[in-house]
Amino acid sequence: MSSMAKVIRREWLDWPFFEPRHRAIGSALDRFVQSGALDKIDHNDVDDACRKLVRAMGEAGVLDCAVAAPEGDATTIDSRSICLSRESLAYADGLADFAFAMQGLGSGAIALGGSVELRKAVLPKVRSGEWLAAFALSEKEAGSDVAAMSCTARADGDDYVIDGEKTWISNGGIADVYTLFARTGEAPGARGISAFVVFPDDPGFSIAERIDVVAPHPLATLRFTGCRIPASRRLGAPGGGFKLAMQTLDIFRASVAAAALGFARRALDEALWHAKSRHMFGATLGDLQLTQAALGDMATETDAAALLTYRAAWRRDVQKLPTTREAAMAKLTATETAQRVIDRAVQMFGGRGVRKGEIVESLYREIRALRIYEGATEVQKLIVARDLLKPR
Ligand SMILES: Cc1cc2nc3c(=O)[nH]c(=O)nc-3n(C[C@H](O)[C@H](O)[C@H](O)COP(=O)(O)OP(=O)(O)OC[C@H]3O[C@@H](n4cnc5c(N)ncnc54)[C@H](O)[C@@H]3O)c2cc1C
């Protein structure tokens, strides 16, 4: 997608969820995309591309809304700014969106629970794009059921000693700082997990394997073998790690929906362009009513998903209300919708739709993992249902 980074049309910024400052962020993102910074980067080497993308976004100030300043209050991070950044970046370049998201997700728990020293040491470097950040929660036997994690951190004098593995870790192998969640055993299940900052040169830390996926991103399994870190690298209270992970995910969950929207809007625009230019049966593809029905569905479903996404972000930012249910509705609707919209776009392109190098082909691969990570669609449905069934 990088070689054809395009600026998204943002009529939706007139919706009542937004303030003038969001329009300013939108314009800054457009200038960044139009500067050609994304197109200059060779995306074939994803490790190198991510480093360069993060550096370019840091220099342009694009990361400022996703990574808290060391003295800032992380709870005031503006979800709408993150969402509109991800929607715009995903529209232009899937890898840029991924790199943006990881800087926020990888540093969120540090901003929320880190000591002043840790925040000062890490956040400015992540915010400027000098360092890459990662969020290490999942394990082979603890994905959706994350509280089943078995990676341990044992207190030993002024240190913790970490043993175990984490897998599916985005930026694994290239990150300069990892937020790690491990079992410290204060209580069974979720209440016995703490969060830590780990650096790649900590003794006993290694990359067990790199993982290839359909839409290439840096991804790895991390191994900890008697990995010793100072206790001052714990984030928040002992046993408070799961809460920190959930607080971080709460800030970013609606933004997965926004990334899906960016992919969907790009697919819709590509489909529209193709429908107008592809001649067949003495007309254009777009003159055929079956195509018009598909386009009508694609546009309507995308806007419906966008309304749910920005409602969740607005409710968190402005109403300061819990958004567990709203973010879950947004994530499940936007990711499932985007998959359908992109699939229709691929269909409209015919053979070209599955040809490597076509935008819709890469969108088809990019969207798939979003329906799985940060809570699969099934998990989001359960979150919505449990919230509905809660005694009030
Ligand atoms: C590209 C990519 C990037 C990732 N990046 C990170 C990262 O940076 N950090 C990190 O910690 N993790 C990351 N993950 C891991 C991701 O969060 C997990 O893959 C996800 O939580 C699902 O866990 P799992 O793969 O073990 O699948 P499982 O937990 O085995 O689930 C398999 C499937 O079961 C279904 N399912 C789940 N729960 C239920 C239920 N209650 N009822 C019925 N069906 C259900 C869902 O369809 C789900 O997809 C990433 C994953 C991918 C694919």
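Residues numbered from 1 in each chain as written. Predicted model: local features only at pLDDT ≥ 70, side-chain atom pairs only at ≥ 80, totals over all residues. Heavy atoms only, no water.

Colleague: I'd like a description of helix α6 (residues 241-277), backed by residues and values.
Modeller: Compared with an ideal rise of 1.5 Å per residue, which puts 37 residues at 54 Å, α6 spans 53 Å between its outermost C-alpha atoms and is within 8% of the ideal. Along α6, 28 of the 37 residues are buried, which leaves the element largely enclosed by surrounding structure. (Helix = DSSP H or I, 4+ residues; strand = E, 2+ residues; numbered from the N terminus. Expected span 1.5 Å × (residues − 1). Buried < 20%, exposed > 50% of the residue type's maximum accessible area, 1.4 Å probe, protein only.)

Colleague: Talk me through the packing of aromatic side chains; I want residue IDs and the actual numbers.
Modeller: Applying the stated criterion across every chain yields a total of 10 aromatic pairs. Ring geometry for Trp12 versus Tyr310: centroids 5.5 Å apart, planes at 20°, classification stacked. One end of the pair, Trp12, is in the segment before α1 (20-34); the other, Tyr310, is in helix α7 (residues 289-319), with 298 residues separating them in the sequence. Judged by relative accessible area, which is 3%, Trp12 ranks as buried. Relative accessible area serves as the criterion here: at 0%, Tyr310 is assigned to the buried category. The lysine or arginine in question, Lys125, covers the ring of Trp131, its NZ or CZ lying 5.2 Å from the ring centre. (Phe/Tyr/Trp six-rings, centres within 6.5 Å; stacked < 30°, edge-to-face > 60°. Lys NZ or Arg CZ within 6 Å of the ring centre and 35° of its normal.)

Colleague: Tell me about the site of the ligand, residues and numbers included.
Modeller: What surrounds the ligand is a group of 18 residues, the closest being Phe135, Ser138, Ser144, Trp168 and Glu378. Between Phe135 and the ligand, the recorded distance is 2.7 Å, taken from a backbone N or O atom to a nitrogen atom. A distance of 2.9 Å is found between an oxygen atom of the ligand and a backbone nitrogen or oxygen belonging to Leu137. Considered on its own, the ligand offers 970 Å² of accessible surface; in the complex 66% of this is hidden by protein. Looking at the shell around the ligand, the elements that each hand over two or more residues are β3 (159-170) and α10 (377-389). In terms of residue class, the shell around the ligand is made up of 12 nonpolar, 4 polar and 2 charged. (Near = heavy atom within 4 Å. Polar contact = N/O pair within 3.5 Å; in protein donor to acceptor, adjacent residues only side chain to side chain. Areas by Shrake-Rupley, 256 points an atom, 1.4 Å probe, with all protein chains shown as cover. Nonpolar A, V, L, I, M, F, W, Y, C, P; charged D, E, K, R; others polar.)

Colleague: Residue-level account of the pattern of salt bridges, with values.
Modeller: In total, this model carries 33 salt bridges according to the counting rule given. Here Arg340 makes a salt bridge to Glu301, at a shortest N to O gap of 3.1 Å. Of this pair, Arg340 sits in helix α8 (residues 324-348) while Glu301 sits in helix α7, and the two are 39 residues apart along the sequence. Residue classification places Glu301 among the partly exposed residues on the basis of a relative accessible area of 22%. Among the charged side chains, a network of salt bridges with common partners joins Glu19, Arg21, Asp78, Arg80, Arg316 and Asp317. (Salt bridge = Lys/Arg side-chain N within 4 Å of Asp/Glu carboxyl O.)

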